[in-house]
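What follows is the residue order along each chain.
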Amino acid sequence: MKGSSIALRRWVSAAIMLILVGQACTLSLFDTPTDNTETATSVPVGPTNTPYPAAQTTFVVTLPEPLLNGESLSLVVLDEVTGLPQTNSKPYPMSARDATTYTATLALPFNSVVKYRYLRSGSTGPMVEDTVLDAPIRYRLYYVEGPSEVQDIVASWSDRSYSRPKGTIEGKIYNSDTGTPLPNILVTAGGVQYITDSTGHFELTGLPTGTQTLTTYSLDGLYLPFQHGAVVGDGQSTSVDVPIKPTRLVNVTFYVTVPQDPTFTPPPVRIAGNILQLGNSFADLQGGVNVVPNRMPDMRLQPDGRYSYTVGLPVGTYIRYKYTLGDGYWNAERNLDGGWALREFIVPGQDVTLQDTVVSWSDSKNSGPILFEVSVPSTTLDEDVVYIQFKQSAWMEPLPMWPVGKDRWVYKLYGPLNFLGSFSYRFCRNGQCGSADDNQTVGMSPTGYTASTTVLGQDIQNSVGSWKWFENPETLPLVGYNITPRASGFMAGVEFQPTYQPNYSYFAQQAFSNIKEGIGSNLVVLTPTWSVTSVSPLKLASQPGQDPFWIDSAIMVQMARNVGLNAAIFPTPRFPQSNDTSVSASTKFWMDAPKDATWWQSWFRQYHSFVLNYADLAAQSGAQTLIIGGDWVSPALPGGLMPDGSSSNVPADAEAQWRSILQDVRAHFSGQVFWAMPYQPSSFTTPVSFLRDMDGIYLLWSTTIATSPTATKTDYANEAGRLLDNEVAPMVSLLGKPVVLAVAYPSAGNAASGCISNGAGSCIDFNALSRPNADIPSVSLNLQTQSDIYEAMLIAVNARSWISGFVSRGYYMPVALQDKSTSIHGKPAATVLWYWFPRLLGIVR
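Because the structure is predicted, anything quoted here is derived from the model rather than measured. (Residues numbered from 1 in each chain as written. Predicted model: local features only at pLDDT ≥ 70, side-chain atom pairs only at ≥ 80, totals over all residues. Heavy atoms only, no water.)

1. Here's the deal with the overall build of the protein
Then comes step 1: Helices and strands together make up the secondary structure of the protein, namely nine helices and 43 strands.
Then comes step 2: Radius of gyration (C-alpha) of the protein: 28 Å, near the 28 Å computed for a compact globule of 845 residues.
Then comes step 3: Considering only C-alpha atoms, the protein reaches an extent of 80 × 65 × 55 Å along its principal axes.
Then comes step 4: Out of the 845 residues in the protein, the part that is buried amounts to 60%. (Helix = DSSP H or I, 4+ residues; strand = E, 2+ residues; numbered from the N terminus. Rg over C-alpha atoms; globule rule 2.2 N^0.38 Å. Buried < 20%, exposed > 50% of the residue type's maximum accessible area, 1.4 Å probe, protein only.)

Take a look at the structure:
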């Protein structure tokens, strides 16, 4: 019962989000509420503003030390729809009660959720607060239930550090009606934030001692906010279990009248807002914006010229929103005075229609709008979307342009243009600026093209001569083979690269269709991540914007199944990037870890939570397989060794720890559980005994299959066959388990050697060649080599019936590139799979 309750809640969210990302499916996972509709008007933007009933809320804050002469303190209410660092934040001066205590009273709307933080101003400029551990504070949360006093403690400032007592609040969030633990809930105290896992667990560390306001917030609004005080003791962990109340959905219909532009075809109008359903990523994205256009609802143009959109929203949720032709910052609606427009309302208990009018898209009468027109190469794929990216002080999130014909795209920029001078812009494919660029503006920090503001409107025309990594897409001839069809359980699949950006979801449907129809796969391996944000003390948890939300991964599984693919989940930690291309991020992690008894205890506890989270996701989303382990976990295995061969000091009970993890995984997930392990020639030994309890082996294969630069495809196949027969087959016979070969080779010169030199006597980590990492010029692009390796490996697999599957690793989901990475998306190696997979599966004979 508990599992089905969680699943229902998640599928409701999935249905909402599937609509948002514009997928062409008719999935209906919940009954639409049928209450009578009333017409209401949201808080207007113009001078007739009628505020909601307000509660007098007094904020009292204690500082770590007195302010200096000339310094002042403000409470800043933030706007996550426009962007946290942007100009729509509202500072409220605070008054001193004593040397370290300040206060301010604000009138805040009843039932609103306020996002705020403290700001110290002085001769050195504004300084925002941060945590005891010197981590930046995005914002604090406060739920306005009535007149009240809020007690806060500033732990530190961004320009100063303090040594002070600190403690932890940890606990679980659960459904107050059913007792079911809840994932995807934002929990915060003292500005420290945590996203709960599938067990509802949260852990807020490094909090100043004293009473902290603990607040829970449902990212999709499906549970009402909850808050109460929690006492933090020095060096202590305060345990708090929090029940939160589910709410129901009602239909909210938005109607908006927008300014008419007689010189331009009506562009898409979107709704940007403060919850997941309205595009909020809850992350700090490029340039400080927080909402993502591809995750916002697209409104529909009506015959009367208005735009409309109907969505199910949770009763009681505080909504802040605006209309936009871009995101919350670029081309967002404006007030009569040119200021930022931001609307708000509380979702009522019955269906409601909101009637709105956008006063203006422009922020200044001194700068006319700019029409950007661009023609793109004929090699641009039909499914590609061209984006434009703007830069003021920094490059910001790319915005989708509007197609106006074959290989022609436009974007009309109305604002913000309230500045004199120039700004930069550039173009890219599928929102992946820095990876899929115009060849004139390549990389993460190019100069870009230049535009300047003028009083009159402008029409700027550009032409993209070629796309980086897709200049003249190369195809290679195929060679026919006599392929023996395999039994029904054979896995022919693709594994995604374990990177994530919030705009990926928009391109997922096309990727799944390509994997199914364009390659002939029957399996996709998803690689959702949690991030390691600290090595010591170890912190492994979901980070918005860097790791997919629970609902993102659930949608991915549903999309895969909708096109007829089986889905496997392979949870993969995301480590801090290594600056040394010869050292993988995971190796750097192990090198930096203290690896003492206390640290190892924390490692096993957090990895256990990480794996169980995705075991629950696999069970509730319908994934068929869960893959655990990986090449990075070797130091944590019994008798574990570091990458340099030294002992990892793993605890003596490591095998018991792993057995406990597997036992709990089995209790949460009834599908197949595979163990991912790297193949290393000559050192490939009989695995630890707990592998006997696995359902299969996912063998990570990037090994040397040629030592001579003149080796041929036949040489590759022969060496791969020798290694498989001499070293892998005995293990398969010993364990009696199926083995799936998971292959990763870059499309680079010397890839078959398993070692691409960095020029300093070491090998480049293959992951360093993946996007969005910067290109490594010393490595040569060679699509033929990758294609030949894949063909050779498949020839070897074809001759060995005991191999139960073949998976291509590192697929870059959002866009096809012919780069040097291990991804086959858009490369000749994908054509090799297109030939082999249907024949191995018996679909084509």
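We are not done yet, so read on.
2. Points about the sheet that holds strand β20 (residues 270-273)
Then comes step 1: Judged by pairing direction, the sheet is antiparallel, and its three strands sit side by side in the order β20-β23-β24 without closing on themselves. The open sheet terminates on both sides in strands that have one partner only, identified here as β20 and β24 (343-346). Adjacent strand axes in the sheet meet at a mean angle of 35° when their direction is disregarded.
Then comes step 2: Pairing of strand β23 (residues 318-324) with β24 involves four bridges; the strand directions are antiparallel. Pairing of Tyr321 across the sheet is with Arg343, part of β24. (Pairing = 2+ DSSP bridges. Axes fitted to C-alpha atoms, helices over the stretch in contact; angles between N-to-C directions.)

3. Details of helix α8 (residues 783-798)
Then comes step 1: With 16 residues, α8 ought to run about 22 Å at 1.5 Å a step, and its terminal C-alpha atoms sit 23 Å apart, in line with that.
Then comes step 2: Here α8 lies mainly inside the structure; 14 of its 16 residues are buried.
Then comes step 3: Between the side-chain oxygen at the start of α8 and the backbone nitrogen of Gln784 there is a gap of 3.2 Å, and the oxygen is on Asn782. (Expected span 1.5 Å × (residues − 1). Polar contact = N/O pair within 3.5 Å; in protein donor to acceptor, adjacent residues only side chain to side chain.)

4. Re the state of the cysteines
Then comes step 1: Counted according to the given criterion, the structure contains two disulfides.
Then comes step 2: Across a sulfur-sulfur distance of 2.0 Å, Cys428 and Cys433 are joined as a disulfide pair. Looking along the S-S bond of the Cys428-Cys433 disulfide, the torsion reads about -75°, which is the left-handed sense.
Then comes step 3: You can call Cys433 buried: its relative accessible area is 7%.
Then comes step 4: Residue Cys755 pairs covalently with Cys763 via a disulfide, S to S 1.7 Å. Across the S-S bond of Cys755 and Cys763 the torsion is about -95°, and the bridge reads as left-handed.
Then comes step 5: The class of Cys763 is partly exposed, set by a relative accessible area of 33%. (Disulfide = S-S within 2.5 Å.)

5. Let's talk about the pairing of strand β38 (residues 566-569)
Then comes step 1: Pairing between strand β35 (residues 523-526) and β38: four bridges, direction parallel. Among the inter-strand pairings, Leu523 is bridged to a residue of β38, identified as Asn566.
Then comes step 2: As paired elements, β38 and strand β39 (residues 625-629) share two bridges and run parallel to each other. Paired with Ala568 across the two strands is Thr625, which belongs to β39.

6. What about the pattern of salt bridges?
Then comes step 1: Counting across every chain of the model gives 37 salt bridges.
Then comes step 2: For Asp384, the salt bridge identified is with Arg429, shortest N-O distance 2.8 Å. Of this pair, Asp384 sits in the loop between β26 (370-375) and β27 (386-391) while Arg429 sits in strand β31 (residues 422-429); the two residues are 45 residues apart in sequence, bridging distant segments of the chain. There is no split in this pair, since Asp384 and Arg429 are both buried.
Then comes step 3: What you see here is one network of salt bridges that share partners, running through Glu65, Glu71, Arg120, Asp159 and Arg160. (Salt bridge = Lys/Arg side-chain N within 4 Å of Asp/Glu carboxyl O.)

7. Here we look at the sheet that holds strand β16 (residues 210-218)
Then comes step 1: Strand order in the open sheet formed by four strands is β14-β13-β16-β17, and the pairing between neighbours is antiparallel. Every other strand in the sheet has two partners, leaving β14 (192-195) and β17 (226-232) as the edge strands with one partner each. Going from strand to strand, the sheet's axes swing by 25° on average, the running direction of each strand aside.

8. Here we look at the packing of aromatic side chains
Between two aromatic rings, the relevant description is the distance of the centres plus the angle of the planes.
Then comes step 1: Using the criterion set out here, one finds 53 aromatic pairs in the structure.
Then comes step 2: Plain terms: the ring middles of Tyr500 and Tyr504 are 6.2 Å apart, the flat faces sit at 70° to each other, and that makes the pair edge-to-face. The exposure classification of Tyr500 matches that of Tyr504, with both residues buried.
Then comes step 3: Above the face of the Trp395 ring, Arg426 is positioned so that its terminal group lies 5.1 Å from the ring centre. (Phe/Tyr/Trp six-rings, centres within 6.5 Å; stacked < 30°, edge-to-face > 60°. Lys NZ or Arg CZ within 6 Å of the ring centre and 35° of its normal.)

9. Concerning the pairing of strand β7 (residues 113-121)
Then comes step 1: Judged by how many residues are buried, β7 sits mostly within the fold: eight of nine residues are covered.
Then comes step 2: One ladder, built from six bridges, connects strand β3 (residues 72-77) with β7; its direction is antiparallel. Across the sheet, Ser74 pairs through a bridge with Leu119, a residue of β7.
Then comes step 3: Summarising the sheet, β7 and strand β9 (residues 140-143) pair through four bridges and their orientation is antiparallel. Note on β9: the bridge partner recorded for Lys115 is Leu141.
Then comes step 4: Where β7 meets strand β8 (residues 127-130), two bridges bridge the pair, whose relative direction is antiparallel. By the bridge assignment, Arg120 is partnered in β8 with Met127.
Then comes step 5: Counting the residues in the hairpin turn of β7 and β8 gives five residues, including Gly125, whose phi is positive at 100°.

10. Looking at helix α2 (residues 505-518)
Then comes step 1: Between its first and last C-alpha atoms α2 spans 19 Å; for 14 residues at 1.5 Å apiece the expected length is 20 Å, and the two agree.
Then comes step 2: For α2, the full list of buried residues reads Ser505, Phe507, Ala508, Ala511, Phe512 and Ile515. For α2, the angular spread of the buried residues around the axis is 150°, confining them to a single face.
Then comes step 3: Those residues of α2 that are buried are in contact with β27, β34 (491-496), β35, α3 (550-562) and β43 (803-811).
Then comes step 4: Backbone geometry just after α2 places Gly520 at a positive phi near 90°. (Arc of directions from axis to C-beta. Contact = heavy atoms within 4.5 Å.)

11. Regarding the confidence of the model for the protein
Then comes step 1: Summing up the model confidence of the protein, the mean pLDDT is 91 and the portion of residues at 70 or higher is 93%.
Then comes step 2: A low-confidence stretch, residues 1-49 stays under pLDDT 50, and its non-local contacts, those more than four residues away or across chains, total 112 contacts. (pLDDT = per-residue confidence, 0-100.)

12. Let's talk about the side chain of Thr131
Then comes step 1: Looking at the secondary structure, you find Thr131 in the loop between β8 and β9.
Then comes step 2: By relative accessible area, which is 9% here, Thr131 ends up buried.
Then comes step 3: Apart from the residues within four sequence positions on either side, Thr131 is in contact with Ile137, Ala155, Ser156 and Val192.

13. Quick word on unusual backbone geometry
Then comes step 1: Cis geometry is found at the peptide bond from Gly415 to Pro416, where omega equals 0°.
Then comes step 2: Note on placement: Pro416 falls in the loop between β30 (408-413) and β31.
Then comes step 3: With an omega dihedral of 10°, the bond running from Arg771 to Pro772 counts as a cis peptide bond.
Then comes step 4: We note that Asp134 has phi near 65°; this positive angle belongs to a residue other than glycine.
Then comes step 5: Here Asp134 shows up in the loop between β8 and β9.

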